[in-house]
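For reference, the chains in residue letters:
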Amino acid sequence: MGSDESLWTIFINAMLVNNFVLSLFLGLCSYLGVSARYNTALPMGIAVTFVMVVGSLCAYALNIILIHFELEFLRLISYIVVIASAVQLVEMVMKKYVPAVFRALGIYLPLIATNCVVLAPPLFQTARGYDLVQSLVFSFGAGCGYILAILLLAGLRERLQLANVPALAQGGALTVILAGLLSLAFMGFAGLGG
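Draft legend 1. Spatial organisation of the overall build of the protein chain. Broken down by element type, the protein chain carries 8 helices and 0 strands. Of the regular secondary structure in the protein chain, the N- to C-terminal order runs α-α-α-α-α-α-α-α. Taking 16 Å as the expected radius of gyration for a compact globule of 194 residues, we find that the protein chain reaches 17 Å, a close match to that expectation. Projected onto its principal axes, the C-alpha coordinates of the protein chain cover approximately 60 × 45 × 25 Å. Per-residue burial over the protein chain gives 43% buried out of 194 residues. A total of about 10,000 Å² of accessible surface is found on the protein chain, and carbon and sulfur atoms cover 71% of it. Placing the 8 positive and 7 negative side-chain charges of the protein chain at their respective mean positions leaves the two points 21 Å apart.

In structure tokens form, the structure reads like this:
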């Protein structure tokens, strides 16, 4: 039942061509909220990627079980439960081993559970009929795309803290302008994939 796309194509499409943040505009709350500093953007990107991969793996197994018992209507709620559990795991690990980063991420860490960017890979992989390996490559590529997008924005925001920016464009306005410019730049990748 798997798609005939190559793994490399799936990865590049998820990371660059159809970047969930910059092309599909999913997950903007954590993307804009945590990207002020590089040292908080990277852990958030890694946490989101981990939740995407775990959610994708569990969603693949759940989908097989739900199809076997003809309970496909429970897909969405099942995926949400799995994602919320994965976020709890990430929260507990970060609180125990990197408490400074846990505090720096603040409310955005538990909000990963309600973030549409982590629900998209399980839904997309199911709709596209990916097998297990394709699903994992897709979710990892989507996670790498999220990391790339958030690190690019964090780097730009850190550099512009030292710049002389007009008062009208400071703060949130500048962040939205930068995100829009990054999105336009990523539209250049549209010719790479289908």
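Draft legend 2. Looking closely at the side chain of Ser56. Take Ser56: it is sitting in helix α3 (residues 38-68). Here the side chain of Ser56 touches Gln125 through a polar contact of 2.3 Å, side chain to side chain. Each residue touching Ser56, except ones within four places of it in the same chain, is listed here: Pro122, Gln125, Ser135, Leu136 and Ser139.

Draft legend 3. Highlighting the nonpolar core. Tyr31 and Ile112 are the most contacted members of the largest nonpolar core, which totals 51 residues. When contributions to this core are tallied by element, the ones reaching two or more residues are α1 (7-17), α3, α4 (75-97), α6 (116-128), α7 (132-160) and α8 (172-186). The element best represented in this core is α7, accounting for 10 residues. If we ignore the near neighbours within four places in the chain, the residues touching Ile112 are Met44, Ala47, Val48, Val51, Val87 and Val118.

Draft legend 4. Fine view of the environment of Gly27. Within the secondary structure, Gly27 is located in the loop between α1 and α2 (28-33). Residue classification places Gly27 among the buried positions, given a relative accessible area of 2%. With sequence-adjacent residues up to four places away left out, Gly27 is seen in contact with Asn115, Cys116, Val117 and Tyr146.

Draft legend 5. Region of interest: α7. Between the first and last C-alpha of α7 there are 42 Å, a value that for 29 residues agrees with the 42 Å anticipated at 1.5 Å per step. For α7, the side-chain oxygen to backbone nitrogen distance between the N-cap and Val133 is 3.3 Å, and the N-cap itself is Asp131.

Draft legend 6. Structural context of the packing of aromatic side chains. This model, assessed by the stated rule, comprises 7 aromatic pairs. A centroid spacing of 6.2 Å and a plane angle of 25 degrees characterise the contact between Trp8 and Phe11, whose relative ring orientation is stacked. A residue pair is termed a helical-turn pair when its members lie 3 or 4 positions apart in one helix, as Trp8 and Phe11 do in helix α1 at 3 residues. An aromatic cluster of at least three residues, connected via ring pairs, comprises Phe20, Phe124, Tyr130 and Phe138. The lysine or arginine in question, Lys96, covers the ring of Tyr97, its NZ or CZ lying 6.0 Å from the ring centre.

Draft legend 7. Molecular detail of the packing of α3 against α6. Contact pair α3 / α6: the axes reach a minimum separation of 8 Å and the direction vectors enclose 35 degrees. The two elements α3 and α6 cross, and the hand of that crossing is right-handed. Here α3 contributes Val48, Val51, Met52, Gly55, Ser56, Ala59, Tyr60 and Asn63 to the contact with α6, which in turn contributes Val117, Val118, Pro121, Pro122, Gln125 and Thr126. Considered class by class, the residues forming the contact of α3 with α6 number 9 nonpolar, 5 polar and no charged.

Rules of the game
- Residues numbered from 1 in each chain as written.
- Predicted model: local features only at pLDDT ≥ 70, side-chain atom pairs only at ≥ 80, totals over all residues.
- Heavy atoms only, no water.
- Helix = DSSP H or I, 4+ residues; strand = E, 2+ residues; numbered from the N terminus.
- Rg over C-alpha atoms; globule rule 2.2 N^0.38 Å.
- Buried < 20%, exposed > 50% of the residue type's maximum accessible area, 1.4 Å probe, protein only.
- Areas by Shrake-Rupley, 256 points an atom, 1.4 Å probe, with all protein chains shown as cover.
- Lys, Arg positive; Asp, Glu negative; His and termini not counted.
- Charge placed at Lys NZ, Arg CZ, Asp CG, Glu CD.
- Polar contact = N/O pair within 3.5 Å; in protein donor to acceptor, adjacent residues only side chain to side chain.
- Contact = heavy atoms within 4.5 Å.
- Core = buried A, V, L, I, M, F, W, Y, C linked by side-chain atoms within 4.5 Å.
- Expected span 1.5 Å × (residues − 1).
- Phe/Tyr/Trp six-rings, centres within 6.5 Å; stacked < 30°, edge-to-face > 60°.
- Lys NZ or Arg CZ within 6 Å of the ring centre and 35° of its normal.
- Axes fitted to C-alpha atoms, helices over the stretch in contact; angles between N-to-C directions.
- Left-handed = near helix turned anticlockwise from the far one by under 90°.
- Nonpolar A, V, L, I, M, F, W, Y, C, P; charged D, E, K, R; others polar.

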